[in-house]
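# Topology and contacts: notes
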Amino acid sequence: MLSMIGLVGGLALLIYLTMKGMNLLVAGPLCALFVAICSGLPLFPQLVGEGEANFVGNYMTGFSGFISSWYLMFLLGAIFGKVMEDSGAADSVSKWIVSKIGMKRAVMAIVIACAVLTYGGVSLFVVAFSVYPMAVSLFREANLPRRFIPAALAFGSVTFTMTSAGSPEIQNWIPIEYLGTSPYAGWEVSLIVAVFMIIFGYWWLRRMITKAVANGETFMARENDPVNEDKVLPNPLFGIIPLVVVLIISFAFHDSLQQSALIIALLGGVIATYLLNRTYFKSFWSAVSEGTLGALIALGNTAAVVGFGGVAKAVPAFEVAVNAMTSIPGSPLIGGAIAVSVIAGMTGSASGGQAIALPLISPHYMDMGVNPEALHRVVSISSGALDSLPHNGYVVTTIRGICGESHKDAYNPVGALTVIVPLLGVILAIILFSFGLGI
């Protein structure tokens, strides 16, 4: 019981401190320490046998493991975004988009850009780095409140694209190992759910922004924003080509290199930006330096939360919670959705929720005769709901590390679009599968 109080209390404390603006490099280990103490987990590796769970060991394993896996992607993604900004390529693309679809559709342009990159295989963690400069330009041109930029970026990245059939993102690929399915599992239902998320989510985002504008909110410039100078900008095509380069390379090498394909893709984007726009740079190496610093901050914030998850998974209460979630009676689709979504919320990770729940639920549900394609799609969509609570690594990185906003100002629209919309989507998916569609 005390362990469960520690687990729930530690998670609630992490969310509270995150919303209050505490530095995650402090809040993450502090809340993990609370969980460890309540569960009687030894604090130091010297107090346990080799390989046994302890606070420092588990926290640092999660922390360092995330950094070793994602450092180069974060670094190159941040540099790519900065060189697009410094060269004027992002401004050029944004002005071209505005001229074609109109300023009233500036938000739609950001969502589309994120969706194309995400579905093309660019990691969720780095899509925002690439699109953010364009988003700032569009919001500035349209005079829209910038606190909605994280919501626009997240909506285009972690909802209808991340968990849809055919998506190269890991959240759509993890179930394949356990269910013997393909990335296109349940594609008919997936298509309907994706269309629903797009229409409803975009309507809700526009409604929130319109209401804020009606209340007098406008775009507030900052000192570190790219200066909107009357300078000659590169041809919009030279801003689009680097994005296409990232998309093509990541798609071409995804099967052979998986997430490492992003290293080549983003490096290709940086090189393409430099070669095409080198005469327009204010200072290429300053942009590289600024991108590097931004990447380190974003990476550290995210790793701090992942470390918390490493401690949470080691305490007895976590196993009890997992067993309870995976033993829910009723429809296997409902039980699977709840199990994966709750575990993803506890760990702050969609992929983590799947990786923990699927080994436990898939044999049981497959023995019951549940359709593997239906379970694949439901599990995938549900993993992208409660994972986006305030302490989620992507949420923290996007709101703070990339956009420079506070959770107080920016999280509510992010939560609406990345928690509630996917929850409605998974409910729709279960209903459609229950009627036999796609089975």
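Just so it is clear, the model here is predicted, and its values are computed rather than measured.

If the charged atoms of two oppositely charged side chains come close together, the side chains can form a pair. Across all of its chains, the model carries four salt bridges by this definition. Here arginine 146 ties to glutamate 405 by a salt bridge, and the two come within 3.5 Å at their closest N and O atoms. A residue pair is termed long-range when its members are at least 10 positions apart, and arginine 146 in the loop between α6 (124–142) and α7 (149–158) and glutamate 405 in the loop between α17 (393–402) and α18 (407–434) qualify at 259 residues. Classification of arginine 146 as buried rests on a relative accessible area of 5%.

Below, the discussion takes up the UniProt feature "transmembrane region" (unreviewed entry) in the chain. Within this numbering scheme, the UniProt entry marks residues 21–43, 63–85, 106–132, 184–205, 232–253, 259–276 and 414–437 as carrying the feature "transmembrane region" (unreviewed entry). In residues 63–85, helix accounts for 100% and strand for 0%; the two terminal C-alpha atoms are 30 Å from one another.

Considering all chains together, one arrives at ten aromatic pairs under this definition. Seen from their ring centres, phenylalanine 55 and tyrosine 59 are 6.3 Å apart, and the 35° between their planes marks the pair as tilted. Here the residue phenylalanine 55 and the residue tyrosine 59 both occupy positions in helix α3 (residues 55–86), the gap between them amounting to four residues, near one helical turn. Judged by relative accessible area, which is 12%, phenylalanine 55 ranks as buried. With a relative accessible area of 5%, tyrosine 59 lands in the buried category. On the basis of an interplanar angle of 50° and a centroid distance of 5.6 Å, the ring pair of phenylalanine 200 and tryptophan 204 is categorised as tilted. Here phenylalanine 200 pairs with tryptophan 204, and both are found in helix α9 (residues 187–214), just four residues apart, close to one helical turn.

This brings us to the packing of helix α13 (residues 316–325) against helix α14 (residues 332–347). One way to put it is that α13 packs onto α14 with a least axis distance of 9 Å and a crossing angle of 155°. Relative to α14, the element α13 lies roughly antiparallel. Taken together, the residues of α14 that come into contact with α13 (itself represented by Phe318, Ala321, Val322 and Met325) are Gly335, Ile338, Ala339, Val342, Ile343, Met346 and Thr347. Class assignment for the residues of the contact of α13 with α14 results in nine nonpolar, two polar and no charged.

Within the secondary structure layout, serine 3 lies in helix α1 (residues 2–19). Residues contacting serine 3, with those up to four places away along its chain left out, are Cys38, Ser39, Val315, Pro316 and Ala317.

Gaps left between atoms are located by rolling a probe of water-molecule size over the structure's atoms. Here the structure, examined in full by the defined rule, presents two cavities of 30 Å³ or more. For the largest cavity, the calculated volume is near 60 Å³. It is α6 that contributes the most residues to the lining of the largest cavity, three residues altogether. The residue makeup of the lining of the largest cavity, split by class, is eight nonpolar, one polar and no charged.

Moving on, we come to α3. Tryptophan 70 marks the point of greatest bend in α3, at about 55°. The residue sitting at the N-terminus of α3 and contributing the capping side-chain oxygen is asparagine 54; that oxygen lies 3.5 Å from the backbone nitrogen of valine 56. Immediately downstream of α3, the backbone of glycine 88 shows phi near 90°, a positive value.

Attention shifts here to the nonpolar core. Taken as a class, soluble globular proteins show a tendency for nonpolar side chains to be buried jointly. In terms of nonpolar packing, the biggest core is built from 134 residues, with Val107, Ile110, Val131, Phe139, Leu153 and Leu205 touching the most fellow members. Looking at which element gives the most residues to this core, the answer is α3, with 14 residues. Sequence-distant contacts of isoleucine 110, defined by excluding residues within four places in its chain, comprise Val131, Met134, Ala135, Leu138, Phe139, Ala152 and Leu153.

Glancing now at the packing of helix α15 (residues 350–367) against helix α16 (residues 372–383). Orientation of α15 relative to α16, taken along the N-to-C sense of each, is 155°, at an axis distance of 10 Å. Put simply, α15 runs roughly antiparallel to α16. When the axes of α15 and α16 are compared, the crossing they make is right-handed. Contacts from Ala350, Gln354, Leu358, Tyr365 and Met366 of α15 reach α16 at Pro372, Leu375, Val379, Ser380 and Ser383.

Quick look at the environment of isoleucine 241 now. Note that isoleucine 241 resides in helix α10 (residues 236–257). Looking at isoleucine 241, the relative accessible area reads 28%, which means it is partly exposed. As for isoleucine 241 and glycine 269, which are separated by 28 residues in sequence, their C-alpha atoms are 8.4 Å apart.

Among the structural elements, aspartate 387 can be located in the loop between α16 and α17. There is no salt bridge for the buried aspartate 387, and the closest opposite charge comes from arginine 377, which lies 14 Å off by N-O distance. Polar contacts involving the side chain of aspartate 387 include one to the side chain of serine 388, which spans 3.4 Å. Setting aside its immediate chain neighbours within four residues, aspartate 387 contacts Ala344, Gly345, Gly348, Ser349, Ala350 and Asn392.

Now for α13. Residues of α13 that are buried: Ala317, Phe318, Ala321 and Val322. Across the axial projection of α13, the buried residues extend over an arc of 140°, all falling on one side. Next to the buried residues of α13 lie α1, α12 (284–312), α14 and α15.

This part takes up the environment of methionine 368. With respect to the helices and strands, methionine 368 occurs in the loop between α15 and α16. Linking methionine 368 and threonine 161, residues 207 residues apart in sequence, is a C-alpha distance of 30 Å.

The rules behind the values
Residues numbered from 1 in each chain as written. Predicted model: local features only at pLDDT ≥ 70, side-chain atom pairs only at ≥ 80, totals over all residues. Heavy atoms only, no water. Salt bridge = Lys/Arg side-chain N within 4 Å of Asp/Glu carboxyl O. Helix = DSSP H or I, 4+ residues; strand = E, 2+ residues; numbered from the N terminus. Buried < 20%, exposed > 50% of the residue type's maximum accessible area, 1.4 Å probe, protein only. UniProt positions renumbered as here; feature names shortened; annotations may be inferred. Phe/Tyr/Trp six-rings, centres within 6.5 Å; stacked < 30°, edge-to-face > 60°. Axes fitted to C-alpha atoms, helices over the stretch in contact; angles between N-to-C directions. Parallel < 35°, antiparallel > 145°, perpendicular 65-115°, else oblique. Contact = heavy atoms within 4.5 Å. Nonpolar A, V, L, I, M, F, W, Y, C, P; charged D, E, K, R; others polar. 1 Å grid on protein atoms, 1.4 Å probe; cavity = no way out; pocket = protein on both sides within 12 Å on 5 of 7 lines; lining within 4 Å. Points joined across faces, edges and corners; volume = space filled by probe spheres on them. Bend = angle between axes of the 7 residues up to and from the residue. Polar contact = N/O pair within 3.5 Å; in protein donor to acceptor, adjacent residues only side chain to side chain. Core = buried A, V, L, I, M, F, W, Y, C linked by side-chain atoms within 4.5 Å. Left-handed = near helix turned anticlockwise from the far one by under 90°. Lys, Arg positive; Asp, Glu negative; His and termini not counted. Arc of directions from axis to C-beta.

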